[in-house]
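# Breakdown of the fold
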Amino acid sequence: MGLKNDVLTYLCKKQDSFVSGEELALEFGKSRAAVWKAVKSLQSEGYLIDAQTNKGYRLSAENDVLNAQEIEKYIDFDCKVCYYETLDSTNTQAKRLINEGENGVVLVVGGEQTAGRGRQGKSFYSPAKTGVYLSLVIHPMSRLQDAVTATTAAAVAVCRAVEDLTDKKPGIKWVNDVYLDGRKICGILTEAVTDFETQTVTSVIVGIGINVSTESFPDDVENASCLNVNVSRARLIAAVANELNRIVNSSYEDYIDYYRSRSIIIGEDIDIVINGEHTYARALGIDNQGGLEIQLSDGTLTTLHSGEISIRKIKKEK
């Protein structure tokens with residue numbers, strides 16, 4: 001596993017040229033036979049590696065390679081990238097890093113999550129090679145200490161990144177689910193880390209999972225779909241992180257209009273579910289704090305701010 005990943009990372013750095021087996025062997029202190037086995041193992045996993053006598057090995061540009069070095073190629077701000085081929089949850093790992101003393105901007109990425117988490121205690125299905133799973137840790141979060149504004153920013157970052165890299169035009173279901181053609185393609189889980197002595201937010205972890213090419217979902221996952229486009233996962237991860245970093249360093253007014261323009265529920269009749277109780281209303285708009293302005297069935301006007309709310313469009317009878 002160690003040599004295989006080392007070879008893959010090295011070939012990524014040298015992607016435009018051939019690398020000899022001898023060079024790889026010297027680089028990692030292994031035999032050329034061991035390098036050959038590592039390359040064969042990568043090829044068996046689906047990596048496109050051109051192997052030519054007297055030239056060596058070259059990684060094809062068509063590969064969807066995912067590792068820290070590949071992501072860093074597209075990151076345009078100062079942050080630490082931590083990549084794990086498999087982990088339980090990027091948000092959980094981000095908390096571990098904070099507890100271990102990490103106090104900078106960190107991007108945690110997983111190739112797959114074995115215990116991906118969503119809102120309201122739900123799980124997020126996170127299979128290998130078909131999605132992107134990341135958490136951006138930012139401190140301090142002076143602009144995004146409110147849970148609604150943090151998730152609003154993340155949803156905007158995802159939509160902008162997708163639109164920049166693909167021809168898709170996703171929409172947002174308040175407060176933080178990203179939809180495409182009426183089905184969910186992305187989930188966002190924002191968690192605050194608080195100093196118990198001062199009771200202030202010291203960090204915010206913004207977790208994002210996007211289904212890129214996932215087609216089969218467990219039976220308990222409802223209304224899920226994927227982007228279904230040929231896009232580099234490393235570039236998509238970096239694009240989302242870059243957009244989110246720009247947003248948190250700008251004013252709320254700079255992106256709230258974009259958020260409103262991507263809403264899929266404004267003007268719709270909706271069913272609000274809080275603690276199992278249903279309330280029917282009409283979604284009127286998004287206020288300047290990211291709250292959902294609604295009109296209840298009795299005509300009462302109010303605004304929702306809690307992130308622990310499930311909203312579904314009411315299906316109109318034909």
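Residues numbered from 1 in each chain as written. Predicted model: local features only at pLDDT ≥ 70, side-chain atom pairs only at ≥ 80, totals over all residues. Heavy atoms only, no water.

With that settled, the discussion passes to the overall build of the protein chain. Counting secondary structure elements, the protein chain contains eight helices and 14 strands. Taken against the 2.2 N^0.38 rule, which gives 20 Å for 318 residues, the C-alpha radius of gyration of the protein chain at 22 Å falls within 12% of a compact globule. Taken over 318 residues, the protein chain has a buried fraction of 50%. For the protein chain, restricting intrachain contacts to residue pairs at least 6 apart in sequence, the fraction spanning at least 24 positions comes to 62%. For the protein chain, the computed accessible surface area is about 16,000 Å², with 44% contributed by carbon and sulfur atoms. The positive charge centre, built from 35 side chains, and the negative charge centre, built from 44, are 5 Å apart in the protein chain. (Helix = DSSP H or I, 4+ residues; strand = E, 2+ residues; numbered from the N terminus. Rg over C-alpha atoms; globule rule 2.2 N^0.38 Å. Buried < 20%, exposed > 50% of the residue type's maximum accessible area, 1.4 Å probe, protein only. Contact = heavy atoms within 4.5 Å. Areas by Shrake-Rupley, 256 points an atom, 1.4 Å probe, with all protein chains shown as cover. Lys, Arg positive; Asp, Glu negative; His and termini not counted. Charge placed at Lys NZ, Arg CZ, Asp CG, Glu CD.)

For the rest of this paragraph, the subject is the packing of aromatic side chains. In this structure the tally under the stated criterion is three aromatic pairs. Judged by centre distance (5.9 Å) and plane angle (80°), the ring pair of Tyr10 and Phe28 falls under edge-to-face. You can see Tyr10 sitting in helix H1 (residues 2–13) and its partner Phe28 sitting in helix H2 (residues 21–28), a full 18 residues away along the chain. Judged by its relative accessible area of 12%, Tyr10 is buried. (Phe/Tyr/Trp six-rings, centres within 6.5 Å; stacked < 30°, edge-to-face > 60°.)

To continue, consider the side chain of Asp287. Along the chain, Asp287 turns up in the loop between strand S11 (277–286) and strand S12 (292–296). Here Asp287 occupies a buried position and makes no salt bridge, while the nearest side chain of opposite charge, Arg260, is found at 6.1 Å. For Asp287, the side chain forms a polar contact with the main-chain nitrogen of Gly290, separated by 2.9 Å. At 2.6 Å, the side chain of Asp287 and the backbone nitrogen of Gly291 are in polar contact. Sequence-distant contacts of Asp287, defined by excluding residues within four places in its chain, comprise Ile256, Arg260, Glu293, Thr303 and His305. (Salt bridge = Lys/Arg side-chain N within 4 Å of Asp/Glu carboxyl O. Polar contact = N/O pair within 3.5 Å; in protein donor to acceptor, adjacent residues only side chain to side chain.)

Okay, unusual backbone geometry next. Peptide bonds are trans in most cases, and residues, glycine excluded, mostly fall at negative phi. Between Trp174 and Val175 the backbone carries a cis peptide bond, its omega angle lying at 10°. A positive phi angle, close to 55°, is found at Asn223, a residue other than glycine. Take Asn223: it is sitting in the loop between strand S9 (200–211) and helix H7 (233–248). For Asn228, which is not glycine, the phi torsion reads 55° and is therefore positive.

So, about the sheet that holds strand S5 (residues 131–138). Here we have seven strands laid out as an open sheet, ordered S3-S4-S5-S9-S8-S7-S6, and mixed in their pairing. The strands lining the two open edges of the sheet, one partner per strand, are strand S3 (80–84) and strand S6 (171–173). Averaged over all neighbouring strand pairs, the angle between strand axes comes to 20°, with direction disregarded. Note: S5 against S9, eight bridges, orientation antiparallel. For Val137, the partnering residue across the bridge sits in S9 and is Ile205. Each of strand S4 (106–110), S5 and S9 is contacted by H7, which is oriented at about 30° to S5, the strand it contacts most. (Pairing = 2+ DSSP bridges. Axes fitted to C-alpha atoms, helices over the stretch in contact; angles between N-to-C directions.)

Look at helix H3 (residues 32–44): 18 Å from first C-alpha to last across 13 residues, which is about the 18 Å you get at 1.5 Å a residue. The set of residues buried in H3 consists of Val35, Ala38, Val39 and Leu42. Angularly, the buried residues of H3 cover 100° about the axis, an arc narrow enough to put them on a single face. Those residues of H3 that are exposed and angled more than 90 degrees off the buried face are Lys37 and Ser44. Where H3 is buried, its residues contact H1, H2, strand S1 (49–52) and strand S2 (56–59). Of the residues one or two after H3, Gly46 is the one with positive phi, at around 110°. (Expected span 1.5 Å × (residues − 1). Arc of directions from axis to C-beta.)

Where burial is concerned, most of S4 is hidden: five out of the five residues are buried. Where burial is concerned, the two faces of S4 agree: the one with Val106, Val108 and Gly110 and the one with Leu107 and Val109 are both buried. Alignment of S3 against S4, held across five bridges, turns out to be parallel. Within the sheet, the bridge partner assigned to Lys80 lies in S4 and is Val106. The parallel pair S3 and S4 is bridged by helix H5 (residues 90–99), and the resulting crossover is right-handed. Bridge count for S4 against S5 is five bridges, and the pairing is antiparallel. (Right-handed = clockwise from strand over helix to strand, strands pointing away.)

On average, residues of the protein chain score 88 in pLDDT, and 92% of them reach the 70 mark or higher. Least confident of the elements in the protein chain is strand S14 (residues 310–313), whose mean pLDDT is 69; most confident is S4, at 98. (pLDDT = per-residue confidence, 0-100.)

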